[in-house]
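Reading the structure
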Amino acid sequence: MSPPPPGEALPIDAHCGLCGAACAVQVHLEGGRIRRLTPRAGHPRGATCRRVNRVEDIVYSPQRLLYPQIGTGPRGGRSLRRASWDEALDATAAAVRRVAEQYGPEAVCLYTGRGTFEQSVWEMLSPADVRESSAWDLLFPLGSPNTTGAGSNCYAAQGVIAPAISSGVWKIDTYPDIESSKLVVVWGTNPANGSPPLFMAAIQRARSRGARVIVIDPRRTETARATDARWLAVRPGTDGALALAMIRVIIEEGLYDRHFAERWTVGFPELAAYVKGFSPEAAEEITCVPAAEIRCAAREIAGARHACFLYDTGLEYATSGLQNTRAVIILEALTGNYDVPGGNVAYPPPWGFIVNRSRRQAPPKGKPAIGSDRYPLYTLYRREAQAMELPRAILEGRPYPVRALLVVGASILTGYPDPELWRRCLRSLDFLLVVDRMPLEETLYADVVLPAATAFEHGGYLVQGRHVALRRPVIPPLGEARSDWEIAIALAQRLGYGHLYPRSLDEMIEWAFEGTGIDLEELRSRPEGIELPAPPMRYRKWEQGLLRPDGKPGFDTPSGKLEIASSILARYGYDPLPVFTPPAEGPLSTPELAREYPLVFNSGARSKAFFNSQYHGIASLVARYPRPLVWIHPQDAEPRGIADGHRVIVSTLRGRVAYTAHVTEDILPGAVEADAHGGGLHADPAWRECNANELTDFENRDPLTGFPVYKALLCQVSLDQGCREPSARKT
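Residues numbered from 1 in each chain as written. Predicted model: local features only at pLDDT ≥ 70, side-chain atom pairs only at ≥ 80, totals over all residues. Heavy atoms only, no water.

1. Description of the overall build of the chain
When helices and strands are tallied, the chain shows 24 helices and 27 strands. In terms of C-alpha radius of gyration, the chain reaches 25 Å, essentially the compact-globule figure of 27 Å for 731 residues. Viewed in the frame of its principal axes, the chain has a C-alpha envelope of about 70 × 65 × 55 Å. Long-range pairs, those at least 24 residues apart, make up 74% of the contacts in the chain with a sequence separation of at least 6. Within the structure as shown, the chain displays about 25600 Å² of accessible surface, and the carbon and sulfur contribution to it stands at 50%. (Helix = DSSP H or I, 4+ residues; strand = E, 2+ residues; numbered from the N terminus. Rg over C-alpha atoms; globule rule 2.2 N^0.38 Å. Contact = heavy atoms within 4.5 Å. Areas by Shrake-Rupley, 256 points an atom, 1.4 Å probe, with all protein chains shown as cover.)

2. Quick notes on the sheet that holds strand 3 (residues 33-39)
Strand pairing in a sheet takes place through backbone hydrogen bonds and is either antiparallel or parallel in direction. Overall, antiparallel pairing links the three strands, which are arranged 1-2-3 in an open sheet. The sheet is open, and its two borders are formed by strand 1 (12-15) and strand 3, each paired with just one other strand. For this sheet the average axis-to-axis angle between neighbouring strands, irrespective of direction, equals 45°. Alignment of strand 1 against strand 2 (residues 24-30), held across four bridges, turns out to be antiparallel. Paired with Ala 14 across the two strands is Val 25, which belongs to strand 2. (Pairing = 2+ DSSP bridges. Axes fitted to C-alpha atoms, helices over the stretch in contact; angles between N-to-C directions.)

3. Here we look at the packing of aromatic side chains
Summed over all chains, the structure comprises 17 aromatic pairs. Seen from their ring centres, Tyr 625 and Trp 687 are 5.8 Å apart, and the 55° between their planes marks the pair as tilted. Remark: Trp 687 occurs in helix 24 (residues 685-688) and Tyr 625 occurs in the loop between helix 22 (619-622) and strand 23 (629-632); sequence separation between them is 62 residues. Judged by relative accessible area, which is 10%, Tyr 625 ranks as buried. Since its relative accessible area comes to 2%, Trp 687 is described here as buried. Joined through ring pairs, the aromatic side chains of Tyr 111, Tyr 416, Trp 422 and Phe 698 make up one cluster. Its end group placed over the ring of Tyr 60, Arg 33 keeps NZ or CZ at 3.9 Å from the ring centre. Across the ring face of Phe 698, the terminal group of Arg 701 is positioned such that the distance to the ring centre comes to 4.6 Å. (Phe/Tyr/Trp six-rings, centres within 6.5 Å; stacked < 30°, edge-to-face > 60°. Buried < 20%, exposed > 50% of the residue type's maximum accessible area, 1.4 Å probe, protein only. Lys NZ or Arg CZ within 6 Å of the ring centre and 35° of its normal.)

4. Considering the nonpolar core
In this structure, Trp 187, Met 246 and Leu 334 are the most contacted members of the largest nonpolar core, which totals 79 residues. Ranked by residue count, the leading element in this core is helix 7 (residues 239-252), at ten residues. Within the second largest apolar cluster, 54 residues are counted, among which are Ala 93, Val 121, Ala 452 and Val 463. (Core = buried A, V, L, I, M, F, W, Y, C linked by side-chain atoms within 4.5 Å.)

5. Describing the packing of helix 7 against helix 10 (residues 280-287)
The geometry of a pair of packed helices is captured by two quantities: the angle between their axes and the separation between those axes. Two numbers describe how helix 7 lies on helix 10: the axes approach to 9 Å, and their chain directions differ by 170°. By the angle between their directions, the pair helix 7 and helix 10 is classed as roughly antiparallel. The residues of helix 10 that touch helix 7, namely those facing Ala 241, Leu 242, Ala 245 and Val 249, are Pro 280, Ala 283, Ile 286 and Thr 287. Taken together, the residues that form the contact of helix 7 with helix 10 break down as seven nonpolar, one polar and no charged. (Parallel < 35°, antiparallel > 145°, perpendicular 65-115°, else oblique. Nonpolar A, V, L, I, M, F, W, Y, C, P; charged D, E, K, R; others polar.)

6. Side note on the pairing of strand 26 (residues 671-674)
By the alternation rule, side chains of strand 26 split into Ala 671 and Glu 673 and Val 672 and Ala 674, which are all buried. When strand 22 (residues 599-603) meets strand 26, the two strands line up parallel, connected through four bridges. Bridging from a neighbouring strand, Ser 603 pairs with Ala 674 of strand 26. Examined bridge by bridge, strand 23 and strand 26 share three bridges and lie antiparallel to one another. Its bridge partner being in strand 26, Val 630 is matched across the sheet by Ala 674.

7. A word on the environment of Ile 649
Its place among the elements puts Ile 649 in strand 24 (residues 647-651). On the basis of relative accessibility, which here comes to 10%, the residue Ile 649 falls in the buried class. Each C-alpha atom, one on Ile 649 and one on Lys 608, is 24 Å from the other, the two residues being 41 residues apart in sequence. Apart from the residues lying within four places of it in its own chain, the contact partners of Ile 649 are Arg 656, Val 657, Ala 658, Gln 716, Val 717, Ser 718 and Asp 720.

8. A word on the confidence of the model for the chain
Per-residue confidence for the chain gives a mean pLDDT of 93; residues scoring 70 or more make up 97%. For residues 724-731, every residue scores under 50 in pLDDT, and the model assigns this stretch 27 contacts once sequence neighbours within four places are set aside. (pLDDT = per-residue confidence, 0-100.)

9. Some thoughts on the pattern of salt bridges
Applying the stated criterion across every chain, the model contains 46 salt bridges. For Glu 56, the salt bridge identified is with Arg 33, shortest N-O distance 2.7 Å. In this pair, Glu 56 sits in helix 1 (residues 55-59) while Arg 33 sits in strand 3, placing the two residues 23 residues apart along the sequence. For Glu 56, a relative accessible area of 17% corresponds to the buried category. Note on Arg 33: relative accessible area 31%, which makes it partly exposed. (Salt bridge = Lys/Arg side-chain N within 4 Å of Asp/Glu carboxyl O.)

10. Let's talk about the packing of helix 4 (residues 156-166) against helix 12 (residues 321-334)
Between helix 4 and helix 12, whose axes approach to 9 Å, the crossing angle comes to 60°. Regarding the angle of helix 4 to helix 12, the classification is oblique. The handedness of the crossing between helix 4 and helix 12 comes out as right-handed. Contacts between helix 4 and helix 12 involve Ala 157, Gln 158, Ile 161, Ala 162, Pro 163, Ile 165 and Ser 166 from the former and Leu 322, Thr 325, Arg 326 and Ile 329 from the latter. For the contact of helix 4 with helix 12, the class distribution of residues is seven nonpolar, three polar and one charged. (Left-handed = near helix turned anticlockwise from the far one by under 90°.)

11. Notes on helix 2 (residues 85-103)
Since the α-helix advances by 3.6 residues per turn, residues separated by three or four positions end up pointing in the same direction. Under the 1.5 Å per step criterion, the end-to-end length of helix 2 is 27 Å for 19 residues, consistent within 8% with the ideal 27 Å. Regarding helix 2, the residues found buried are Trp 85, Ala 88, Leu 89, Thr 92, Ala 93, Ala 95, Val 96, Val 99 and Ala 100. Down the axis, helix 2 shows its buried residues gathered within 160° of arc, on one side only. Of the exposed residues in helix 2, those oriented more than 90 degrees away from the buried face are Glu 101 and Gln 102. One or two steps after helix 2, the chain reaches Gly 104, where phi turns positive at roughly 105°. (Expected span 1.5 Å × (residues − 1). Arc of directions from axis to C-beta.)

12. A few points about helix 5 (residues 198-208)
Among all positions of helix 5, only Met 200, Ala 202, Ile 203 and Ala 206 are buried. Angular distribution of buried residues about the axis of helix 5 spans 160°; they occupy a single face of the element. Of the surrounding secondary structure, the elements contacted by the buried residues of helix 5 are strand 9 (183-187), strand 10 (212-216), helix 6 (222-227) and strand 13 (307-311). Two residues or fewer past helix 5, Gly 210 is found with a positive phi of approximately 110°.

13. As for the sheet that holds strand 25 (residues 656-663)
Here we have six strands rolled up into a closed barrel, ordered 22-26-23-25-24-27, and mixed in their pairing. Pairs of neighbouring strands in the sheet enclose a mean axial angle of 45°, with direction left out of account. In this structure, strand 23 lies alongside strand 25, joined through four bridges in parallel fashion. Looking at strand 25, one finds that Ile 632 is bridged to Val 663.

14. A word on the side chain of Arg 471
When you line up the elements, Arg 471 lands in strand 19 (residues 467-471). One polar contact links the side chain of Arg 471 to the main-chain carbonyl oxygen of Cys 16, over a distance of 3.3 Å. Within the structure, Arg 471 has its side chain in polar contact with the side chain of Glu 118 (distance 2.8 Å). (Polar contact = N/O pair within 3.5 Å; in protein donor to acceptor, adjacent residues only side chain to side chain.)

As structure tokens, then:
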């Protein structure tokens, strides 16, 4: 597929390339240059976010990496000189072979991040037999099991492991039926800032026809305000206790689906006994949600019978993150809202359209992936390493050394706790490759830097439900940038196994659709894509044998039932029930520490201006959100002498970071919300100096998944004595 001629001025039907959502847009070109994007009318993903208004600034940013480069000098302050692609790729392949020969192939690790979320790339490079992963199989033929990526600290706990061990149906294979819902429960997520914001539009439509909305979050989010939702202000990290208290209410008051509990679950009697310890009054002490509100919300959820739940990463970034999510899933099921109209519905099989994945590579036999000893559940469902264990391997050689790291589309130094620990890791490596579109701090440590093209500059395919389309490149790659796929395959070829992969993007697309029944010529002739006919919707699929591969009634779990008591958890020595573990650091767990750091620290909420750590150096977007904020309630701000717009210092046991105070009643008293994703190399100064992970704790993790705790720590907020005057806040 080639981009249109440079003189073409009409809007071009295409897909946005600013994040992995790939919204359907019309691209407006002038003189072969992208000027603006508009939503594509009538398309199921015809939506846009605020970032598209600055697409020209992003794609043509002077910060773009456009040529291969070789790093020289000491790590952490390297100079980069321009190189040819052949020199850079040859140097990378030689270093990988050298490390593999000296230490074994497992000493080479590949990390892929949010910058690689082009569907056709991650889907065709995922490990074999994995339903969904962002990690690549590129090193498996070399003999290394160590592929990993953003799943190590995002999504996999609540989107993969929790639903898989409970119902056997992954989150990607379900959807919240907002359009038919009478009650929408938004728990630990903010659809108003989603990418794309399609759920928010659906919630607003549901609200306009009379559906009710409950938002459970430490903040009264934009979603809560826009929908006039009932807001349950929960203390960060205690969502599991809140869900268990609601379960106790529905059991005691007989509001649960008795037939489902008795016929289709395992562990209900044990759960009923366990939740007796979570009375609404006891839960109020833990969660800060009033007991009366807990009872009212539980009754409303149970009484709706057409209630859907939207939950996300807000649940998984806590000591009890996986079990928090399981408690919410079980609450949803026991109240009769699983796979019913207006509830959380499993797609009818086949789940959406699935491309040909038969040629993906399986992990090699031999040494296990890094982290599989401590977090076997993660490796079981992802077939990849848990990146939180990389420092142990890099710095201590445990369980074996990792000496070469290939980082593609990711900023580890802004994404993980304790950036200084990760800097030590990068300094100690024998080889570091960085592939990205913009320079990162990691490039200062790199031996080789390769420029990646944006998704506007290459082709691919997209499957969105049962809508299938080809991604059309709209401009040629800038400079000498190449697509992620072309870079990956060039490395495979130099490592001696390029024959295992398609040699080009066009060949990759042919592989993907081989044997699927899709006519590629027809697809190429229809830029709007093809909507495949959907099978008839049938609900309560567990009764009809539609959830299990063998066609028998039940769930795709070892017991054939929804596992309240998880046999998978029991197999690995964990408590099988959705038990609540209080945050390791909190007012109730560590009261002495809370005297010095009395506020509960929460971070990670998305902004409409940026996409995680991306685009903090784009001046037009920074103008919309010029300074990182910390939300603080007036009850907490006033005794500290803090006014809205003041420059403040947020401190924890780990460090101190400067923020701008946003004093608001839209945050739970006693808690703060600190903007994350700052710290980038070329970010605007206020964002460059504000890395929330200077405050988080590398050792504080969910013991079941290895996920770091970003949302349930202790902190103090104090006025920056060097800057007492209020400063400009967001515009």
